[in-house]
Amino acid sequence: MPRRIAAAALPHLAAEALLRREGQQGFPRPFAVTGQARGAQRLVSVNPAAAALGLGPGLGLADARALCPGLATRPEEPERLAAFRRALARWAGRFSPLVAMEEQTLILDATGCAHLFGGEAAMLAGLTAGLAAYGLTAHAAMADTRGAAWALAHHGPAATPLIAPKGHTRDAIDALPVAALRLAPEAAEGLAALGLATIGDAARVPRGALARRFGLATLKRLDQALGAEPEPVAPDRAAPPFAVRLTLPEPIGLTDDLMAGLDRLLERLCQALEARQQGARALRLTMRRVDGADAHAQIALARPGRDPVRLSALFRPAVEKTEAGFGIDALRLEATATEPLKPAQISRRSEPEKLADLLSRLGNRVGFDCLTRFLPAESHIPERAFTLAAAAWSQAEPFPHAGPPRPLTLFPPEPLEVADTPAASLPARFRWRGRWLTLTSAEGPERLAPEWWWDDPAWASGTRDYWRAATAEGPRLWLFHTPQAACPGWWAQGAFA
């Protein structure tokens, strides 16, 4: 039986999916989803109303607002969009058992399926109607190859679903632009610059010359579209579920009994994780009560793990707070988030592992969002030489040791009240935070200039000369003054240990 492939192009997928989630299906005004790309905010996806005004993905947000001042925007949400794509592929399983979801294209292997819907035309009509019911603009096509179906869906006439007759793939796509071959933009532009504007033009060029000039990837895409090289529809495999359960012969309610059942589940779950070289980042324990209600206990980890002893210790505080009611008769343990974790040699716990255990315990008590760490940043300005990052989702990085030492604590510049001393000289005596301090020694100066690419009002005064000053009263301060000012004053910005 000759193979038949259906493709449904979804040119406005991200924008229409977000509007659908917000209950704005069929939004009549221009709308776009934005994201950060190439150092600027750019359009990621637009709805049909915005596309009709000439707006499209890749356009800068500032330029888009200049063209359409009333443009409504929302930031992109990649995780939710990925989940919507997976749900869309599951929905399309009603038309074919083999469904794949590309970025903005739904691919179905329709071999032997079309007659169930009254023919190929009726099948494509049902597919586009179903997508339209979900608020998605779709253009469907069917051909002998995946590449040809994709090309017709994206670059064919948009009036009706396109069906390439069996055995006539070359005739159906011959007049389509070379971009319909799913080439890299540079390859498509290079072919067009040489006068090879259509797929037919590229197919008539000798294969050797085409491969030498534009690479084997271009030749492969051409062969896939024409059927010379197979390109099957391989559905995305669902991630294997990591879950175990235990049914109890009698209801239990004591913490020790629950922990004993949990330990049995953890042993089985960790064995399954180890077999697939995965580590858990989040786990959920569901406890079914005899009255039909469920009690839950959840933990998260600062780094992936599969040690039953450590996981059990993290679960105990949550299990102790469980309301067992009249008893619990079933337990279910699931790893809701996993990451690759390669086998490691068994040895004493290293310092990173000890820190990860501490972060896990604290994070499950106060929340992982409350745990942050300092990471170095590329700046010589003291207050911009570091960034804050979530401790559980970042790796510690050493700060560079080059240059003079920095104070233990930094604070906004605080003016000093200086005794009778020339403005450009270090004050022998000054008042700071209500105390008069006497200078005993100082190291410096260290000259720092503002970064011209940052418009920072705090550095509007210009270059600063910093000194590490010790006082007879004890405080060791980081002092600075602005030498270029007409009346330079002195400030304190940090304190050493």
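Residues numbered from 1 in each chain as written. Predicted model: local features only at pLDDT ≥ 70, side-chain atom pairs only at ≥ 80, totals over all residues. Heavy atoms only, no water.

S.K.: So what about the packing of helix α12 (residues 255-275) against helix α13 (residues 308-320)? Which residues, and what values?
M.R.: Following both chains from N to C, one finds α12 and α13 inclined at 145°, their axes separated by 10 Å at the closest point. Judged by the twist between their axes, the crossing of α12 over α13 is right-handed. Packed against α12, whose contacting residues are Thr-255, Asp-256, Leu-258, Met-259, Leu-262, Asp-263, Leu-266, Glu-267 and Cys-270, the element α13 presents Pro-308, Leu-311, Ser-312, Phe-315, Arg-316, Val-319 and Glu-320 at the interface. A breakdown of the residues in the contact of α12 with α13 according to their chemical character gives nine nonpolar, two polar and five charged. (Axes fitted to C-alpha atoms, helices over the stretch in contact; angles between N-to-C directions. Helix = DSSP H or I, 4+ residues; strand = E, 2+ residues; numbered from the N terminus. Left-handed = near helix turned anticlockwise from the far one by under 90°. Contact = heavy atoms within 4.5 Å. Nonpolar A, V, L, I, M, F, W, Y, C, P; charged D, E, K, R; others polar.)

S.K.: Talk me through the pattern of salt bridges; I want residue IDs and the actual numbers.
M.R.: Applying the stated criterion to the full structure yields 28 salt bridges. Among the ionic pairs, Glu-77 bridges to Arg-21, the shortest N-O distance being 2.3 Å. Taken together, the residues Glu-77 in the loop between β4 (72-75) and α4 (78-91) and Arg-21 in helix α1 (residues 13-21) connect sequence positions 56 residues apart. For Arg-21, a relative accessible area of 39% puts it in the partly exposed group. (Salt bridge = Lys/Arg side-chain N within 4 Å of Asp/Glu carboxyl O. Buried < 20%, exposed > 50% of the residue type's maximum accessible area, 1.4 Å probe, protein only.)

S.K.: Lay out helix α8 (residues 185-193) in plain terms, naming residues and giving numbers.
M.R.: Among the residues of α8, those classed as buried are Ala-187, Ala-188, Gly-190 and Leu-191. All buried residues of α8 project into a common sector of 160° when viewed along the axis, lining one side. The exposed set on the far side of α8, more than 90 degrees from its buried face, consists of Pro-185, Glu-186, Glu-189 and Ala-193. Looking at the residues trailing α8, positive phi occurs at Gly-195, about 90°. (Arc of directions from axis to C-beta.)

S.K.: If you had to explain the sheet that holds strand β15 (residues 409-415) to someone new, which residues and values would you point to?
M.R.: In a beta sheet, neighbouring strands are held together by backbone hydrogen bonds and run either parallel or antiparallel to one another. The strand order across the open sheet formed by seven strands is β15-β21-β20-β19-β18-β17-β16, and the pairing between neighbours is antiparallel. On the outer flanks of this sheet lie β15 and β16 (417-418), each paired with one strand and no other. Summarising the sheet, β15 and strand β21 (residues 490-495) pair through four bridges and their orientation is antiparallel. Its bridge partner lying in β21, Leu-410 is registered against Gly-494. (Pairing = 2+ DSSP bridges.)

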